[in-house]
Amino acid sequence: MIVNSIKYIISRIYLLIIYIRYWLYKSSFLGSTHFSLPVICIGNLSVGGTGKTPMVAYLIELLQQEYKIGVISRGYKRKTSGFVKVKTTHQSEDVGDEPLLLKLKYPYTEVTVGEQRIYAIPQLLSFAPDVQTIIMDDGFQHLSVKAQLNILLTTYQNPFWNDKILPLGSLREPIQAKDRADIIIVSNCKPTIANDEMLQLEQKINPTPHQKVFFSYIQYNTIYALFHNHSIPDEQLILITGIANSASIYSHLNSIHNIQHYEYNDHHHYTINDFEEILAEEKSKNWITTEKDAVKFLPHKAWFEAKQINIWVQPIQIKIKSRNSQTFEQTIKAYLDYYFTNKY
């Protein structure tokens, strides 16, 4: 009872600080910078994973044939600070696991990390002036940057309308902040979600007239070998994850294979000791992991080969659906087409 009372008091103080911050920006005591190219912001209201980086990957694949894309991320849990241009030769400790994954998957995309996005954008453009569109990962709370398009994600399992402000819940902003979004996506839905349920969820979101609502789900693509092209044996696999929500991938893989799951905290930096502990407990040397975790396995290739451990990777892809005929792809492309047509 005392703990809940303390949390309530802290949440009220936290909320007061947020409203003061809003007022400072609205009153122009703190400024918001508008850049001369479209900035697409992807974010959420809560702490934790809602599928932001897979959404960044989705947008890169959607737009990279027509536009030169730049990505700015915080580089969560990296051991460096300041602005860094991500290279394929980096390790996750240098730039963060998710930015490194994006760079490895899309080497011709300019991926950067920087805590202060308002300074990171000019730095990105200084070495890549041909960038036409910037995707700002986890930037919804960065009010110092005036994004032209705000995409807000909330999970099907823990939507913002059922959540509370920190520390009573996981919200870092009040629910009313969702009105800043242009597009709201309910992520991690069931692939079979029906139109009736989408309608019910949209009513709970209560979008403003300018907002569009979409629903996304995870598609599991073909598993591939990380180091060598081995076929997956019909025996137990050791699943190793360090992601925010591992229940879905475990359920998917366990429906196909016999899975033993080792679960670490999100963005976990793996060490040889972690792998030694697993090897001491398990006979199977057939391991499987996520793409996000795989980038942190790469520096330990020699150890895996010496121990004759085979690593497979389960890639995912975001699929988006709507309860009406308008598609997410049409919405994004129409916005950029309109921007560049009316720029001059």
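From a predicted model like this one, the values you see are computed outputs, not experimental measurements.

### Observations regarding the overall build of the chain
(1) Moving on: When its secondary structure is counted, the chain shows eleven helices and 14 strands.
(2) Moving on: By the compact-globule yardstick of 20 Å for 344 residues, the chain fits well, its C-alpha radius of gyration being 21 Å.
(3) Moving on: Reported as C-alpha extents along the three principal axes, the dimensions of the chain are approximately 60 × 55 × 40 Å.
(4) Moving on: Excluding contacts between residues fewer than 6 apart, the proportion of contacts in the chain whose partners are at least 24 apart in sequence is 76%.
(5) Moving on: Summing over all exposed atoms, the chain offers an accessible surface of approximately 17000 Å²; the carbon and sulfur share of this is 51%.
(6) Moving on: Counting 34 positive and 32 negative side-chain charges, the chain places the averaged centre of each group 6 Å from the other.

### A word on the packing of helix 2 (residues 52-63) against helix 11 (residues 328-341)
(1) Moving on: Running from N to C, helix 2 and helix 11 cross one another at 65°; their axes reach a closest spacing of 11 Å. Read as a crossing pair, helix 2 and helix 11 show a hand that is right-handed. Note on element contacts: helix 11 touches helix 2 through Phe 328, Glu 329, Ile 332, Lys 333 and Leu 336, opposite Met 55, Tyr 58, Leu 59, Leu 62 and Leu 63.
(2) Moving on: Grouping the amino acids of the contact of helix 2 with helix 11 by side-chain chemistry returns eight nonpolar, no polar and two charged.

### Quick look at unusual backbone geometry
For residues other than glycine, phi is negative in most cases, and the peptide bonds are mostly trans.
(1) Moving on: Omega for the bond connecting Leu 166 with Pro 167 falls within 30 degrees of zero, at -5°, which places this linkage in the cis form.
(2) Moving on: Tracing the backbone through its elements, the reader meets Pro 167 in the loop between strand 6 (149-155) and strand 7 (183-187).
(3) Moving on: Even without being a glycine, Asp 138 presents a positive backbone phi close to 55°.
(4) Moving on: Examined against the element boundaries, Asp 138 turns out to sit in the loop between strand 5 (133-137) and strand 6.

### Notes on the sheet that holds strand 10 (residues 237-241)
(1) Moving on: In spatial order, the strands read 9-13-12-10-11; together these five strands make up an open sheet with mixed pairing. For this open sheet the edge positions go to strand 9 (224-225) and strand 11 (259-263), each flanked by a neighbour on one side alone.
(2) Moving on: Bridge analysis of strand 10 against strand 12 (residues 286-290) gives three bridges, and the strand direction is parallel. By the bridge assignment for strand 12, Ile 240 is matched with Thr 289.
(3) Moving on: Its contacts with the sheet place helix 8 (residues 272-281) against strand 10, strand 11 and strand 12, and it is angled at close to 135° to strand 12.

### Some points on the packing of aromatic side chains
(1) Moving on: Following the criterion strictly, the structure yields 20 aromatic pairs and no others.
(2) Moving on: Ring centres of Tyr 19 and Tyr 22 lie 6.0 Å apart, and the angle between their planes is 75°; this geometry places the pair in the edge-to-face category. One end of the pair is Tyr 19 and the other is Tyr 22, both in helix 1 (residues 2-26) and three residues apart, which spans about a single turn.
(3) Moving on: On the accessibility criterion, Tyr 19 (39% relative accessible area) is partly exposed.
(4) Moving on: With 6.4 Å between their ring centres and 40° between their planes, Tyr 335 and Tyr 339 make a pair best called tilted. Taken as a pair, Tyr 335 and Tyr 339 lie in helix 11 at a separation of four residues, close to a single helical turn.
(5) Moving on: What links up through ring pairs into an aromatic cluster is the set Phe 227, Tyr 264, Tyr 270, Phe 275, Trp 287, Phe 297, Trp 303 and Phe 304.

### Thoughts on helix 4 (residues 97-105)
(1) Moving on: The element helix 4 is extensively covered by neighbouring structure, given that seven of its nine residues are classed as buried.
(2) Moving on: Among the residues of helix 4, Asp 97, Glu 98, Pro 99, Leu 100, Leu 101, Leu 102 and Lys 103 are the ones counted as buried.
(3) Moving on: The inward-facing, buried residues of helix 4 abut helix 2, strand 2 (69-73), helix 3 (92-95), strand 4 (110-113) and helix 9 (291-297).

### Points about the sheet that holds strand 3 (residues 84-85)
(1) Moving on: The strand order across the open sheet formed by nine strands is 3-4-2-5-1-6-7-8-14, and the pairing between neighbours is mixed. Each edge of the sheet is formed by a strand with only one pairing partner; in this case those strands are strand 3 and strand 14 (316-321).
(2) Moving on: Bridge count between strand 8 (residues 212-220) and strand 14: six bridges; the pairing is antiparallel. Looking at the pairing, Tyr 220 lines up with Ile 316 of strand 14.

### Observations concerning the pattern of salt bridges
(1) Moving on: Going through the model one piece at a time under the given rule, you end up with 13 salt bridges.
(2) Moving on: Across the salt bridge formed by Lys 79 and Glu 93, the nearest N and O atoms sit 3.7 Å from each other. Separated by 14 residues along the polypeptide, Lys 79 in the loop between strand 2 and strand 3 and Glu 93 in helix 3 bring together distant segments of the chain.
(3) Moving on: By relative accessible area, which is 61% here, Lys 79 ends up exposed.
(4) Moving on: Put simply, Asp 179 and Lys 178 hold a salt bridge, and the shortest N to O gap is 3.1 Å.
(5) Moving on: Classification of Lys 178 as buried rests on a relative accessible area of 7%.
(6) Moving on: Here the salt bridges share partners, and the residues they tie into one network are Asp 97, Asp 293 and Lys 296.

### Notes on the side chain of Thr 241
(1) Moving on: Relative to the helices and strands, Thr 241 resides in strand 10.
(2) Moving on: Non-local contacts of Thr 241, meaning those with residues more than four positions away in its chain, are made with Ser 246, Ile 249, His 261, Tyr 262, Glu 263, Tyr 264, Tyr 270, Thr 290 and Asp 293.

Rules used in this analysis
- Residues numbered from 1 in each chain as written.
- Predicted model: local features only at pLDDT ≥ 70, side-chain atom pairs only at ≥ 80, totals over all residues.
- Heavy atoms only, no water.
- Helix = DSSP H or I, 4+ residues; strand = E, 2+ residues; numbered from the N terminus.
- Rg over C-alpha atoms; globule rule 2.2 N^0.38 Å.
- Contact = heavy atoms within 4.5 Å.
- Areas by Shrake-Rupley, 256 points an atom, 1.4 Å probe, with all protein chains shown as cover.
- Lys, Arg positive; Asp, Glu negative; His and termini not counted.
- Charge placed at Lys NZ, Arg CZ, Asp CG, Glu CD.
- Axes fitted to C-alpha atoms, helices over the stretch in contact; angles between N-to-C directions.
- Left-handed = near helix turned anticlockwise from the far one by under 90°.
- Nonpolar A, V, L, I, M, F, W, Y, C, P; charged D, E, K, R; others polar.
- Pairing = 2+ DSSP bridges.
- Phe/Tyr/Trp six-rings, centres within 6.5 Å; stacked < 30°, edge-to-face > 60°.
- Buried < 20%, exposed > 50% of the residue type's maximum accessible area, 1.4 Å probe, protein only.
- Salt bridge = Lys/Arg side-chain N within 4 Å of Asp/Glu carboxyl O.

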